[in-house]
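# Results of the structural survey
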Amino acid sequence: MSLSSDEEVEISDSEIDEFSEIPYLEIQNGRYKVKVNGTLRCPFCSGKKKQDYKYKELIAHASGVSKGSATRSAIQKANHLALAKYLENDLAGDAEPLPRPPVPRVNKSEAKPGDIYVWPWMGIVMKPLKETDDKEALLDPAYWLKRLSRFKPVEVNAFWVEQDSSVGVIAKFNSDWRGFASATELEKEFENQGCSKREWTEKRGDSEAKAFGWCAREEDYSSGGPMGEYLLKEGKLRTVSDISQEKTQDRNSVLDELSDIIALTNEDLNKVQYSYNRTAMSLQRVLGEKKILHDAYADETKKMQQMSLLNIQRILREKERLSDELEKKMDQLQTWSKTLDKKEALTELERQKLDEDKKKSDAMNHSLQLATREQKKADESVLRLVEEHKRQKEEALTKILQLETQLDTKQTLEMEIQELKGKLQVMKHLGDDDDEAVKQKMKEMNDELEEKKSELEELEQMNSVLMTKERQSNDEIQAARKKLIAGLTGLIGTQTDIGVKRMGELDEKPFLNVCKKRYSADEAAVEAATLCSTWQKNVNDSNWHPFKREGTGDKAKEVVAEEDDQLKKLKGEWGEEVHNAVKIALEEINEYNGSGRYTVPELWNFKVGRKATLKEVITFISKDMKTVKRKRT
């Protein structure tokens with residue numbers, strides 16, 4: 001049995017270890033080739049872009065896939081687990097060894113493995129003091145640090161050697177092989193100049209000699225004096241071979257530690273990768289379950305909505321059918337009753353049978369009449385509501401006329417009172433106090449004035465009562481309009497003569513007509529909706545005030561300013577029809593809600609294009625709503 005990814009074999013994640021033995025044996029038998037022409041390849045990913053791997057890359061690839069890649073099947077994991085076993089067990093010899101840093105090679109002409117040097121590497125310079133030399137300057141380490149700077153010493157110390165009348169300088173170099181190279185370079189340069197240690201030994205005490213230099217070795221370490229003490233304190237005697245061996249051992253220990261750290265890091269990385277893959281698989285499974293639940297919920301909700309809609313349609317159809325059957329049976333019963341009345345009973349049995357049929361017919365007819373009577377009551381209640389609103393409107397008109405008449409009467413009384421007051425003033429100035437006729441006339445005029453004042457007060461009280469009743473009537477009418485708006489909203493649309501219109505809302509039809517001329521059928525609807533939505537926001541924006549006042553006095557009113565920049569730009573880009581639609585919306589919203597600038601619902605007569613009266617709305621509800629319901633069912 002083969003576990004090739006091309007074969008349709010179903011295994012679970014718990015069976016991966018067991019089934020990985022099959023592809024492992026097939027790789028050993030040569031069915032799958034891992035090593036091709038000296039290069040390593042993954043036999044289970046032949047279609048991938050990357051084909052050639054190094055040993056570490058291939059074993060990392062096999063381990064990563066086998067330990068839980070979220071996008072791989074259980075078969076692929078088993079195959080790659082077998083590949084990882086094969087690489088670890090059968091091709092371990094092909095693993096690349098860790099690179100060892102090269103050990104610096106020491107030139108035999110410069111140093112012999114058996115020579116004993118002072119370590120850290122140090123160079124010695126001896127300068128005999130001449131009569132013309134400045135002793136203080138030569139004993140300054142800074143002078144020698146600058147003079148020997150090309151050899152890159154890390155520290156320079158100067159000593160006075162009394163027995164040789166010379167200045168001794170010890171230059172300390174790095175402890176690595178670069179320091180050794182610098183020390184040998186110093187020795188070689190002085191040797192080329194004929195100023196080596198051998199020449200110094202031969203010419204010691206010669207005040208005319210130059211400076212001599214060499215590498216510090218065992219005999220310098222044991223020479224005594226200030227320079228020997230410094231070497232004893234700061235250095236050790238070592239051979240080149242010992243130092244090379246210690247450096248090699250140090251590097252090897254560091255490499256071993258780094259190898260262990262890399263191995264632990266790779267192990268931790270594999271654990272993190274496995275944890276990540278397991279979490280990704282769990283998350284993918286949870287997301288899948290969530291999608292299944294969401295789809296099931298959406299399907300169930302859609303089914304319930306469809307069932308609810310079907311039930312409503314069925315109930316409406318059933319009601320319509322029962323109404324039709326009721327009318328038909330009433331017609332049939334009336335026909336049967338007339339037929340039975342015309343027939344004559346030839347025998348007593350026939351007459352008895354005829355009476356029984358007639359009683360049954362009367363009983364059924366009575367039941368149908370009761371049902372018809374209930375229907376008439378419902379119609380009469382609607383008509384009464386219409387009549388009540390009509391009566392209230394007539395009363396309101398009567399009260400308005402009465403108020404106007406009372407206002408005229410009040411104005412007449414006020415004029416008469418002013419006239420009487422004027423006459424009384426005249427008579428007071430012209431009359432004599434002893435003239436009884438004048439006094440009597442003034443008394444009558446005063447009485448008449450008081451009577452007129454009483455009538456004026458009564459008229460003012462009646463006027464106040466009528467004004468209060470008029471406000472109450474207007475409030476009731478407005479409340480009735482609000483209830484009708486709330487009841488009709490969403491129930492009927494603009495297809496009927498009477499309905500609810502949102503004042504200030506743009507008509508989308510002009511926008512759609514213009515976009516159909518400029519765009520395809522699919523794009524026209526989207527572009528029209530976007531354009532309409534943008535201009536609806538402009539209409540509702542209280543910061544935009546494209547209005548101006550026309551007329552004077554009581555006839556002054558606000559109208560849309562045609563010269564507004566935005567309106568002119570709209571008309572130029574989209575034409576007269578769209579411009580007029582925006583203009584109408586602006587006029588409506590300025591009339592109904594100029595301060596808030598948001599749309600307001602209103603009862604509307606779409607047939608004549610104006611605000612609907614209560615009488616029109618109630619008449620529509622009582623007569624036309626039956627037709628609307630029948631069309632909907």
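Summarised in this report is the structure supplied together with it. (Residues numbered from 1 in each chain as written. Predicted model: local features only at pLDDT ≥ 70, side-chain atom pairs only at ≥ 80, totals over all residues. Heavy atoms only, no water.)

A word on the overall build of the chain. A tally of helices and strands in the chain yields 18 helices and 14 strands. Per-residue burial over the chain gives 30% buried out of 633 residues. Considering only intrachain contacts with a sequence separation of at least 6, the fraction spanning at least 24 residues in the chain is 65%. Accessible area for the chain stands at about 42,500 Å²; split by element, carbon and sulfur atoms hold 51% of it. (Helix = DSSP H or I, 4+ residues; strand = E, 2+ residues; numbered from the N terminus. Buried < 20%, exposed > 50% of the residue type's maximum accessible area, 1.4 Å probe, protein only. Contact = heavy atoms within 4.5 Å. Areas by Shrake-Rupley, 256 points an atom, 1.4 Å probe, with all protein chains shown as cover.)

Take empty space enclosed by the protein next. Unoccupied space between atoms shows up once a probe the size of one water molecule is rolled over them. Under the counting rule described, the total for this entry stands at one cavity of 30 Å³ or more. The volume enclosed by the largest cavity comes to roughly 40 Å³. Forming the boundary of the largest cavity are Tyr117, Val118, Trp121, Met122, Phe180, Ala183, Cys215 and Ala216. Of all the secondary-structure elements, those providing two or more residues to the lining of the largest cavity are strand 4 (116-119) and helix 7 (177-192). (1 Å grid on protein atoms, 1.4 Å probe; cavity = no way out; pocket = protein on both sides within 12 Å on 5 of 7 lines; lining within 4 Å. Points joined across faces, edges and corners; volume = space filled by probe spheres on them.)

For helix 2 (residues 21-29), the full list of buried residues reads Pro23, Tyr24, Glu26 and Ile27. Considered in projection along helix 2, the buried side chains sweep an arc of 165° and stay on one side of the axis. At its buried positions, helix 2 is contacted by helix 1 (16-19) and helix 4 (74-89). Immediately beyond the C-terminal end of helix 2, within one or two residues, lies glycine 30, with a positive phi of roughly 100°. (Arc of directions from axis to C-beta.)

With that settled, the discussion passes to the pattern of salt bridges. Pairing is possible between side chains of opposite charge, provided their charged atoms come close. With the rule as written, the count across this model stands at 18 salt bridges. The salt bridge partner of glutamate 234 is lysine 172, with a shortest N-O separation of 3.6 Å. In this pair, glutamate 234 is assigned in helix 10 (residues 225-234) and lysine 172 in strand 7 (residues 166-172), connecting sequence segments 62 residues apart. With a shortest N-O distance of 2.4 Å, arginine 321 and glutamate 325 are connected by a salt bridge. Within this pair, arginine 321 and its partner glutamate 325 are both found in helix 11 (residues 240-342), separated by four residues, close to a single helical turn. The class for arginine 321 is partly exposed, based on a relative accessible area of 36%. Via salt bridges that share partners, Lys197, Glu219 and Asp220 belong to a single interconnected network. (Salt bridge = Lys/Arg side-chain N within 4 Å of Asp/Glu carboxyl O.)

Quick look at the sheet that holds strand 2 (residues 39-41) now. Spatial ordering of the open sheet is given by 1-2-3, a layout of three strands whose pairing is antiparallel. The outermost strands of the open sheet, each flanked by one partner alone, are strand 1 (35-36) and strand 3 (52-53). As paired strands, strand 1 and strand 2 are joined by two bridges and run antiparallel to one another. Across the sheet, the residue bridging to lysine 35 is leucine 40, located in strand 2. (Pairing = 2+ DSSP bridges.)

On to a negative patch on the surface. A contiguous patch of negative charge, built from Glu444, Asp447, Glu448, Glu450 and Glu451, is present on the exposed surface. Within the element layout of this structure, aspartate 447 appears in helix 13 (residues 436-488). Using a relative accessible area of 45% as the deciding quantity, one classes aspartate 447 as partly exposed. (Patch = residues over 30% accessible without salt bridge, like charges linked within 9 Å, V, L, I, M, F, W, Y side chains within 5 Å. Lys, Arg positive; Asp, Glu negative; His and termini not counted. Charge placed at Lys NZ, Arg CZ, Asp CG, Glu CD.)

Glancing now at unusual backbone geometry. Each neighbour pair has its own omega, and for tryptophan 119 with proline 120 the value is 5°, a cis peptide bond. If you check the backbone angles, arginine 597 has positive phi at about 55° while not being a glycine. Following the sequence through the fold, arginine 597 ends up in the loop between helix 17 (576-593) and strand 13 (600-605). Judged by its relative accessible area of 3%, arginine 597 falls in the buried class.

Spatially, the four strands line up as an open sheet ordered 6-7-5-8, and their pairing is antiparallel. Each of the sheet's edge strands pairs with one partner strand only, and the pair in question is strand 6 (155-161) and strand 8 (212-215). Taken pair by pair, the neighbouring strands of this sheet meet at an average axis angle of 20°, ignoring direction. Examined bridge by bridge, strand 5 (residues 122-128) and strand 7 share seven bridges and lie antiparallel to one another. Its bridge partner lying in strand 7, proline 128 is registered against serine 166. Packed onto the sheet, helix 7 meets strand 5 and strand 8 and runs at close to 145° relative to strand 8. (Axes fitted to C-alpha atoms, helices over the stretch in contact; angles between N-to-C directions.)

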